[in-house]
Amino acid sequence: MQDKITWKDKVGYGFGDAASSMFWKIFGMYLLFFYTDVFGIPAAAVGTMFLVTRIWDACFDPVVGVMADRTNTRWGKFRPYLFWVAIPFGLLGILTFYTPAWTTRFLPIGWFLLLPAV
């Protein structure tokens, strides 16, 4: 018999998901302004970069989902990925807003194609 999830648990999970979603949406909205206004990448290049990363994301997410579903460890299916990906994910978040000094105009576009757009 399954344990019943209480209304309090559902509301708690809902608030947690709302906070996570709000963080990602704000992050994604600010990223466009950061790339164009702060970093100085042309808007057309940023739009193309966002399109390429969305297409990559649409193709790669099912692969990661299948890989996670087929993982069987003593810690479960998803927990090992949370442990192993947390630090690289944090570093990529820092690098997303890192603005090194560039000598040419096209280097920043290559730099941000390597980073995930939200």
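Preceding this section is the structure that the text describes.
Basis of the calculations
Residues numbered from 1 in each chain as written. Predicted model: local features only at pLDDT ≥ 70, side-chain atom pairs only at ≥ 80, totals over all residues. Heavy atoms only, no water. Helix = DSSP H or I, 4+ residues; strand = E, 2+ residues; numbered from the N terminus. Buried < 20%, exposed > 50% of the residue type's maximum accessible area, 1.4 Å probe, protein only. Contact = heavy atoms within 4.5 Å. Areas by Shrake-Rupley, 256 points an atom, 1.4 Å probe, with all protein chains shown as cover. Expected span 1.5 Å × (residues − 1). Bend = angle between axes of the 7 residues up to and from the residue. Patch = residues over 30% accessible without salt bridge, like charges linked within 9 Å, V, L, I, M, F, W, Y side chains within 5 Å. Salt bridge = Lys/Arg side-chain N within 4 Å of Asp/Glu carboxyl O. Axes fitted to C-alpha atoms, helices over the stretch in contact; angles between N-to-C directions. Parallel < 35°, antiparallel > 145°, perpendicular 65-115°, else oblique. Left-handed = near helix turned anticlockwise from the far one by under 90°. Nonpolar A, V, L, I, M, F, W, Y, C, P; charged D, E, K, R; others polar. Core = buried A, V, L, I, M, F, W, Y, C linked by side-chain atoms within 4.5 Å. Polar contact = N/O pair within 3.5 Å; in protein donor to acceptor, adjacent residues only side chain to side chain. Phe/Tyr/Trp six-rings, centres within 6.5 Å; stacked < 30°, edge-to-face > 60°. Lys NZ or Arg CZ within 6 Å of the ring centre and 35° of its normal.

Caption draft 1: Inspection of the overall build of the protein chain at higher detail. Check the secondary structure of the protein chain and you find four helices and zero strands. Seen in sequence order, the protein chain has helices and strands lined up from the N terminus as α-α-α-α. When each of the 118 residues of the protein chain is scored for burial, the buried share is 18%. Of the contacts formed within the protein chain by residues at least 6 apart in sequence, a portion of 55% connects residues at least 24 apart. Counting only carbon and sulfur atoms, one obtains 71% of the accessible surface of the protein chain, whose full area is about 9500 Å².

Caption draft 2: A look at helix α2 (residues 43–69). In this model α2 runs 38 Å from its N-terminal to its C-terminal C-alpha over 27 residues, within 8% of the 39 Å that 1.5 Å per residue would give. The largest bend in α2 is about 30°, located at F60, with the proline P62 one to four residues further on. Those residues of α2 not exposed but buried are A45, V46, M49, F50, T53 and A68.

Caption draft 3: Representation of a nonpolar patch on the surface in the model. On the surface, a cluster of nonpolar side chains totalling about 730 Å² of accessible area is made up of F23, W24, F83, W84, V85 and F89. Listed by contribution, the elements that provide at least two residues to the nonpolar patch are α1 (7–38) and α3 (79–96). It is α3 that provides the largest number of residues to the nonpolar patch, a total of four residues. Looking at where W24 falls in the secondary structure, it is placed in helix α1. With relative accessibility at 33%, the residue W24 sits in the partly exposed group.

Caption draft 4: Main features of the packing of α1 against α2. Remark: α1 packs on α2, axes separated minimally by 9 Å, with the N-to-C direction vectors making an angle of 140°. Relative to α2, the element α1 is oriented oblique. In the packing of α1 onto α2, the handedness of the crossing is right-handed. Here α1 contributes L31, L32, Y35 and T36 to the contact with α2, which in turn contributes A43, V46, M49 and F50. Considered class by class, the residues forming the contact of α1 with α2 number seven nonpolar, one polar and no charged.

Caption draft 5: Layout of the nonpolar core. Core analysis: the biggest nonpolar cluster contains nine residues, these being L31, F34, Y35, F39, I41, A45, V46, M49 and F50. Every element with two or more residues in this core is listed here: α1 and α2. Ranked by the residues each element gives to this core, the list is headed by α2, at four residues.

Caption draft 6: Broad picture of the side chain of T71. Secondary-structure assignment places T71 in the loop between α2 and α3. Reaching out from T71, the side chain makes a polar contact with the backbone oxygen of M67 at a distance of 2.8 Å. Here T71 is in contact with G76, K77 and Y81, once residues within four sequence places are set aside.

Caption draft 7: Representation of the packing of aromatic side chains within the structure. Inspection of the entire model under this criterion finds four aromatic pairs. Aromatic side chains Y35 and F50 sit 6.0 Å apart centroid to centroid with 65° between the ring planes, which places their arrangement in the edge-to-face category. With Y35 in helix α1 and F50 in helix α2, this residue pair connects regions lying 15 residues apart in the sequence. The lysine or arginine in question, R54, covers the ring of F50, its NZ or CZ lying 5.5 Å from the ring centre.

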